[in-house]
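Chain residues, written in single-letter form:
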Amino acid sequence: MTEVRDTKDSGKALFATREYAIGDIILQEDKPLAILSHTTSYSAKNDSPFIAIAQAYQQSNTQLDIEAKLLSLYHPQADTANPAEQELWKNSQSAAENDDRLHKIIMIACCNSFQGGYVYEHASRINHSCQPNAIVNIQEDTGALLLRALTPIVVGEEIGISYAGLYLYTDTRARQHVLRRDKFFDCACVRCQEAVDPANMIPCTKCHPRHQSHLDEATQYDDDDEHPVKYMMWKSDQFVCESCDYVETLKSSVATVVHSISDKVLQFLEQYKEQDNSSKASSEQKDNAPQDEQDEELESLLQEHLSLASSVLGARHWTTNLLLLLYLDRGLKQYHKKLIFQQAADDDMQLDLAEHIDHLQRITQFVKRLKLHLHPGHLLSDVIVGIARALVSLSDVKSAQYATRWLDHLIGYEPFLSEALVKVVDSLKSAWTRMEADEPAHKKLKG
Ligand SMILES: C[S@@+](CC[C@H](N)C(=O)[O-])C[C@H]1O[C@@H](n2cnc3c(N)ncnc32)[C@H](O)[C@@H]1O
């Protein structure tokens, strides 16, 4: 049960009028009010995403009562003081061809649609939060929407979902940039106002001096138990060392280097998302040799960026960890592809798997440090299942038991997994007990 109310600085929002436990359904909408394409891809016929929205709307023959509901949703006003909204207002005007109502509809689509262009009567009132307490799941074919609690929610609490996708795990500067660019607002959430930013940590420039006191690529940080790296964390607009209290200010060359690498990685993530999508779309075509080439190029770019981020910004920075996650995801997909052809993992594959597990451990630590109150499965469920599948494929009891330990990281996240994934998790979990029962008695004695 929910109600829509005004907030102090982010318009209207959805509030809980009863308590919710993790996994509870908060809201259900069987169909969207409208499907308003919100595409960012350009083509010769559709030279702007705004024209695409206008065309989708004009072809939809929306009934008057639905149109009235749509027009009541949030859209920027002509006198908005927000520069991102001013841009949106100006750039979308010509696609509306002097039709004020259509102009509003275009802006409503830009500010309210979910993936697939779906706009909802109630769910489109949910604000974004960089520390979300709920998550939306949309059925691709029907547009049916389910809103579920990600954390316990108390009466009167605002419901917040993340509009940021993977960028939820970046630092405040990057998240705000992406939300302004893609969603046209300056985020006013609690996390964005926190002085401390654990996603933005770098090795201390005083404890680990570098050439000319700049960060540089020649310095590697192993960060093991014997030689623990001392880190500086972003706190009130400066980096502060947790060990020696040394400070690098916003104006320092260090901050400039960190920002420039962060911007590079953000740009790369965009390119990665686009190319990965187009590679998925063309993977069913018969002759995909050019796609394979593009894929290899993308992989080498990924490695380049990962090596830059990890050597300069270190193991705890968000850039290193998100790139590592993409790298791990690709590595696991390749592992499983190889396995289809080889039936059993060879020595090289076992080494790869050990490396993948090490990467997953590092990213898990990163997610914990962010203290988002979110289950680690929110970011890591796919790769955890991928690691468990790879371990079970080794067909020995110990590996299967280890796989079960990784799957235990998903306990409590079951309501958010797809039915198919729950089945995979269950069968992987039972693998080691099955294997143990099947194992010959002499092997057990030896083991
Ligand atoms: C889908 S609507 C959400 C409901 C909207 N607040 C309303 O009044 O109907 C998205 C718009 O809400 C505002 N908004 C959402 N999350 C926000 C946040 N975290 N900080 C500031 N504004 C936010 C922005 O104006 C954004 O364009």
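Throughout what follows, the structure given in this document is the object of discussion. Quantities reported herein were computed from a predicted structural model and do not represent experimental measurements.

Notes on the site of the ligand
Around the ligand, the surrounding shell holds 16 residues, and the nearest of these are Lys 12, Arg 125, Asn 127, His 128 and Ala 188. Interatomic distance of 3.0 Å between a backbone N/O atom of Ser 10 and a nitrogen atom of the ligand. The contact in question runs from a nitrogen atom of the ligand to an N or O atom on the backbone of Ala 188, over 2.9 Å. Protein contacts shield 94% of the accessible area of the ligand, which totals 570 Å² for the unbound molecule. Only helix H4 (100-112) and strand S6 (127-128) provide two or more residues apiece to the shell around the ligand. Looking at the shell around the ligand residue by residue, the class counts come to 7 nonpolar, 6 polar and 3 charged.

Regarding the environment of Ser 72
Along the chain, Ser 72 falls in the loop between helix H2 (64-71) and helix H3 (83-93). On the accessibility criterion, Ser 72 (45% relative accessible area) is partly exposed. Along the chain, Ser 72 and Gln 58 lie 14 residues apart, while their C-alpha atoms are 18 Å from each other.

Thoughts on the sheet that holds strand S8 (residues 145-149)
Pairing within the open sheet is antiparallel, and its 3 strands lie in the order S3-S8-S7. Strands at the two margins of the open sheet, each flanked by one partner only, are strand S3 (25-29) and strand S7 (134-138). Recorded for the sheet is a direction-independent mean angle of 15° between the axes of neighbouring strands.

A short note on the pairing of strand S11 (residues 231-235)
For a regular strand, side-chain orientation follows a simple rule: the groups alternate between the two sheet faces. Burial within S11 is extensive, with 4 of its 5 residues counted as buried. Two strands pair when backbone bridges link them, and strand S10 (residues 196-203) and S11 are joined in this way by 5 bridges, in the antiparallel orientation. When the bridges of S11 are listed, Val 196 appears paired with Lys 235. Sheet analysis places S11 next to strand S12 (residues 238-241), joined by 4 bridges and oriented antiparallel. The residue of S12 that forms the bridge with Lys 235 is Gln 238. Joining the antiparallel neighbours S11 and S12 is a turn of 2 residues, in which Ser 236 adopts a positive phi near 45°.

Let's talk about the environment of Asn 321
Mapped onto the elements of the fold, Asn 321 is located in helix H9 (residues 318-342). Of the residues examined, Asn 321 reaches a relative accessible area of 1% and is grouped as buried. A C-alpha to C-alpha distance of 7.1 Å links Asn 321 and Phe 366, two positions 45 residues apart in sequence. Excluding residues that lie within four positions of it along the chain, Asn 321 makes contacts with Ala 315, Arg 316, Arg 362, Ile 363 and Phe 366.

Regarding the pattern of salt bridges
With the rule as written, the count across this model stands at 17 salt bridges. Arg 101 is paired through a salt bridge with Asp 99; the nearest N and O atoms lie 3.3 Å apart. The exposure class of Arg 101 is partly exposed, given its relative accessible area of 35%. For Asp 99, a relative accessible area of 26% translates into the label partly exposed. Each of Arg 181, Asp 182, Glu 270 and Lys 273 takes part in a single network of salt bridges with overlapping partners.

Definitions and cut-offs
- Residues numbered from 1 in each chain as written.
- Predicted model: local features only at pLDDT ≥ 70, side-chain atom pairs only at ≥ 80, totals over all residues.
- Heavy atoms only, no water.
- Near = heavy atom within 4 Å.
- Polar contact = N/O pair within 3.5 Å; in protein donor to acceptor, adjacent residues only side chain to side chain.
- Areas by Shrake-Rupley, 256 points an atom, 1.4 Å probe, with all protein chains shown as cover.
- Helix = DSSP H or I, 4+ residues; strand = E, 2+ residues; numbered from the N terminus.
- Nonpolar A, V, L, I, M, F, W, Y, C, P; charged D, E, K, R; others polar.
- Buried < 20%, exposed > 50% of the residue type's maximum accessible area, 1.4 Å probe, protein only.
- Pairing = 2+ DSSP bridges.
- Axes fitted to C-alpha atoms, helices over the stretch in contact; angles between N-to-C directions.
- Contact = heavy atoms within 4.5 Å.
- Salt bridge = Lys/Arg side-chain N within 4 Å of Asp/Glu carboxyl O.

Don't take any of this as a statement about function, it's just geometry.
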